[in-house]
Amino acid sequence: MDKLSNEEIRAILRNIYEKRSSEGLWVFIKDHFGLEIPRKKICPDHDSPFDFVCAVFFQEYANIIAVANRNGGKTMNFAALDAVNSYMWDDCETATIGAIEMQAKRCYRYFARWIRVVPILVETVIASLQSMTSFKNGSIVEILIGTLAGVNAPHPQKVFVDEIELMGWNVLQEVFSMAASKGDIDAATILTSSRKFANGPMERLLEESIKRNIKVFRWCIMETVAKHDPDICRKSIFHEDCQGRCLEVEGYYPHKDAVAAKGRLDDDTWDSQWRSKKASTKGLVYPGFDPLVHIQITTPDLHAPLYLAEDFGFAEGHANVVGFFQVTPSGKKIMLDEIWIEGKIDDEIIDMVEEKLLELGFVDQKFADPEKREEYQYQFNAKVEAWYCPPEEPSKIKIRNDRGYRILTQNDPTIRKIVVGLPPIRKDLKDRMIVFDPKCIMTTWEMGKYSNKKRADGTFLNEPDKKLDNGPDMLRYFYINKYPPDLAGHFTPDRMESMDDRPITGGIRDMDF
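These numbers were taken from a predicted model, which means no experiment stands behind them.

## A few points about helix α5 (residues 101-117)
Helix length check: α5 (17 residues) gives 24 Å between terminal C-alpha atoms against 24 Å at 1.5 Å per residue, within 8%. The complete set of buried residues in α5 reads Gln 103, Ala 104, Cys 107, Tyr 108, Phe 111, Ala 112, Trp 114 and Ile 115. All buried residues of α5 fall inside an arc of 165 degrees around its axis, so they share one side. When the buried face of α5 is taken as reference, the exposed residues oriented beyond 90 degrees from it are Met 102, Arg 109, Arg 113, Arg 116 and Val 117.

Here's what the structure looks like:
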């Protein structure tokens, strides 16, 4: 049989579209992309991932949300839809937006692979960069990062937004104004995410979906896990989810990986991120943390004091976290940015801090030359009013001190108790006196997950568990150093003219080595 021309293949795809043939679309994607998108729903109130793909391709709804599990194929489905729409339609403009840069790059990796190896696409692409891919038929695909600047200009027909739980609400409002119909191509805004926060953007949109005329699709690990041996499953912790449906499922995710993931996670995280259930606030250390309220795009005040707080770490799962803070005249605390890194030694971390000072604009770029860093060191030191650290590792403190930074630690053992440092943060969350920039991705994620210890009977202690505490510990160090609780006659900041007036007897001291 003679090879079909590209125009003949496009005609087949158009015929599939006109007949609304879901079977034809599934076979087309399988034959050309090698994807067998799961098309069977297992949970009663769920949809299959392919139901979602069909709804988008056949232009059934103007606004869609897909609530899906981790490793649920969301980003891959987006990339496939980007490619199929661009191939079939002339002059189809698509913007795929990753809430964070890493997510945007991940989507482009899927998309770039297909336009380089799928024959029907190779022949139709003119040029491809992460920022934009152009096709011979006039279609374009842009990969954008979910910032106000990134989403403010384009007006494509198709807008795909990945991981909206990590996106600021104000950015989402700009996203909702992007899509515009042109010719036969209808405007569509398609949002996806796994559930992460009990009060995040996803929950708000789900609650308002009817009012906002948004079609909701849901699937979880049960719609994406691969067929597996019932005897093996019966002996695993995944059996309570599977309940004997081992041979009914038709996904791709290996059963052994699902078992391993469930074993690593606490019940609430498994239920929300893998079973697509609403995240629980039960047992949270900070139940008042609301991403819609407390995550806001911020602008550094380059003329106001800057404070750093750090939680030491190194090993996998125990990151070293540095937070960058400012305080407004009204007393509102602003976390501008974070460094969240594993496997780095102290000098490397300090170098990263100094790169961040340049990036945020506190230090002029003319002082950026690393070869002259020692000569310019004062420019960096002078911009940091104080660097708060835990006192338990004096060798780490000395390294920072030797680089010229003013290191302060809280040495009062009562104030250092975790339960003592929590109430001021809870109060500021309640009073809306603390905000986090969207760049503080890991800190805000942990703030929404940080839980108390659970008793054997399922009730919770008023004592945080030592899990997901890297960012929260760093935040607590900021509070107990800058605003030490007024315990047993300790001095508080309101009673002092400046930080230099803090007495050692008040529990605060400079670490001099």
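## What to know about the sheet that holds strand β8 (residues 215-218)
If you trace the eight strands from one edge of the open sheet to the other, you get β3-β4-β5-β2-β6-β7-β1-β8, paired in mixed fashion. Both outer strands of the open sheet, β3 (125-128) and β8, are each paired with one neighbouring strand and no more. Averaged over neighbouring strand pairs, the angle between their axes works out to 15 degrees when direction is ignored. Pairing of strand β2 (residues 93-98) with strand β6 (residues 158-162), which is carried by five bridges, proceeds in the parallel orientation. In the strand pairing of β6, Ile 97 is matched with Val 161. Docked against the sheet, helix α3 (residues 49-57) engages β1 (63-67), β6, β7 (188-193) and β8, running at close to 165 degrees with respect to β1. Sitting on the sheet, helix α4 (residues 74-88) is in contact with β2, β4 (132-135), β5 (140-145), β6 and β7, with an inclination near 165 degrees to β6.

## Quick word on the packing of helix α1 (residues 6-19) against helix α2 (residues 22-33)
One way to put it is that α1 packs onto α2 with a least axis distance of 9 Å and a crossing angle of 150 degrees. Classified by the angle their axes make, α1 and α2 are roughly antiparallel. Relative to α2, α1 is oriented so that their crossing is left-handed. Here Ile 9, Leu 13 and Ile 16 of α1 lie close against α2, whose contacting residues are Gly 24, Leu 25, Phe 28 and His 32. Across the contact of α1 with α2, the residue classes tally to five nonpolar, two polar and no charged.

## A few points about unusual backbone geometry
Unusually for a residue other than glycine, Gln 243 sits at a positive phi of about 55 degrees. Following the sequence through the fold, Gln 243 ends up in the loop between α12 (239-242) and α13 (255-264). According to the relative accessible area criterion, Gln 243 is exposed, its value standing at 52%. Here Ser 276, not a glycine, exhibits a phi torsion of approximately 60 degrees, which is positive. Residue Ser 276 is classed as buried on the basis of its relative accessible area, which comes to 4%.

## Examining the packing of aromatic side chains
Counted by the stated rule, this structure contains 26 aromatic pairs. Judged by centre distance (6.2 Å) and plane angle (70 degrees), the ring pair of Phe 52 and Phe 217 falls under edge-to-face. Here Phe 217 lies in strand β8 and Phe 52 lies in helix α3, a separation of 165 residues in the sequence. In terms of burial, Phe 52 and Phe 217 fall into one category: buried. Taking the relative accessible area as the measure of exposure, Phe 217 reaches 5% and is therefore buried. Over the ring of Tyr 17 we find Arg 20; its NZ or CZ atom is 4.4 Å from the centre of that ring. Lying across the ring of Trp 26, Arg 39 places its NZ or CZ 3.7 Å from the centre.

## Section: the state of the cysteines
Between two cysteines, a covalent bond joining their sulfur atoms is known as a disulfide. Within the structure shown, the criterion is met by zero disulfides. Its sulfur unpaired, Cys 242 is 3.6 Å from the next cysteine sulfur, which belongs to Cys 246. Residue Cys 242 is classed as buried on the basis of its relative accessible area, which comes to 0%. Cys 389 takes part in no disulfide bond, and the closest cysteine sulfur, belonging to Cys 440, lies 17 Å away. Overall, the relative accessible area of 1% leaves Cys 389 in the buried class.

## A look at the pattern of salt bridges
Under the counting rule described, the total for this entry stands at 35 salt bridges. A salt bridge links Arg 400 to Glu 310, with the nearest nitrogen and oxygen atoms 2.8 Å apart. Taken as a pair, Arg 400 in helix α18 (residues 394-402) and Glu 310 in strand β9 (residues 307-311) lie far apart in primary sequence, 90 residues in all. Residues Arg 400 and Glu 310 agree in their burial class; the two are buried. Between Arg 373 and Glu 354 there is a salt bridge, with the nearest N and O atoms lying 2.8 Å from each other. Of this pair, Arg 373 sits in helix α17 (residues 373-381) while Glu 354 sits in helix α16 (residues 346-360), placing them 19 residues apart in sequence. Side by side, Arg 373 and Glu 354 carry an identical accessibility label, which is buried. Salt bridges here are not isolated pairs; linked through shared partners, they connect Asp 347, Asp 351, Glu 354, Glu 355, Arg 373 and Arg 403.

## Comments concerning the side chain of Thr 96
Tracing the backbone shows Thr 96 in strand β2. For Thr 96, a relative accessible area of 2% corresponds to the buried category. A polar side-chain atom of Thr 96 sits 2.7 Å from a polar atom in the side chain of Asp 82. Beyond its immediate stretch of four places on either side in the chain, Thr 96 contacts Phe 78, Asp 82, Cys 107, Glu 142, Ile 143, Leu 144 and Phe 160.

## A closer look at the pairing of β5
Summarising burial for β5: five of the six residues are buried, a large majority. As paired strands, β2 and β5 are joined by six bridges and run parallel to one another. Directly across from Glu 93, in β5, lies its bridge partner Ile 140. Hairpin connection between β4 and β5: a loop of four residues separates the two successive antiparallel strands, and Gly 138 in this loop has a positive phi of roughly 90 degrees.

## Notes on the confidence of the model for the chain
Scored by pLDDT, the chain has a mean of 89; 94% of the residues are at 70 or more. Contacts from residues 488-513, a stretch scored under 50 in pLDDT, to residues over four places away or in other chains number 58 contacts.

## Thoughts on the nonpolar core
Residues Leu 13, Leu 25, Ile 29, Phe 33, Phe 52, Phe 57 and Leu 121 are the most contacted members of the largest nonpolar core, which totals 52 residues. Broken down by element, this core gets its largest block of residues, eight residues, from α4. In this structure, Phe 33 is in contact with Phe 28, Ala 83, Val 84, Trp 114, Val 118 and Leu 121, ignoring residues within four places of it in sequence.

Rules and cut-offs
- Residues numbered from 1 in each chain as written.
- Predicted model: local features only at pLDDT ≥ 70, side-chain atom pairs only at ≥ 80, totals over all residues.
- Heavy atoms only, no water.
- Helix = DSSP H or I, 4+ residues; strand = E, 2+ residues; numbered from the N terminus.
- Expected span 1.5 Å × (residues − 1).
- Buried < 20%, exposed > 50% of the residue type's maximum accessible area, 1.4 Å probe, protein only.
- Arc of directions from axis to C-beta.
- Pairing = 2+ DSSP bridges.
- Axes fitted to C-alpha atoms, helices over the stretch in contact; angles between N-to-C directions.
- Contact = heavy atoms within 4.5 Å.
- Parallel < 35°, antiparallel > 145°, perpendicular 65-115°, else oblique.
- Left-handed = near helix turned anticlockwise from the far one by under 90°.
- Nonpolar A, V, L, I, M, F, W, Y, C, P; charged D, E, K, R; others polar.
- Phe/Tyr/Trp six-rings, centres within 6.5 Å; stacked < 30°, edge-to-face > 60°.
- Lys NZ or Arg CZ within 6 Å of the ring centre and 35° of its normal.
- Disulfide = S-S within 2.5 Å.
- Salt bridge = Lys/Arg side-chain N within 4 Å of Asp/Glu carboxyl O.
- Polar contact = N/O pair within 3.5 Å; in protein donor to acceptor, adjacent residues only side chain to side chain.
- pLDDT = per-residue confidence, 0-100.
- Core = buried A, V, L, I, M, F, W, Y, C linked by side-chain atoms within 4.5 Å.

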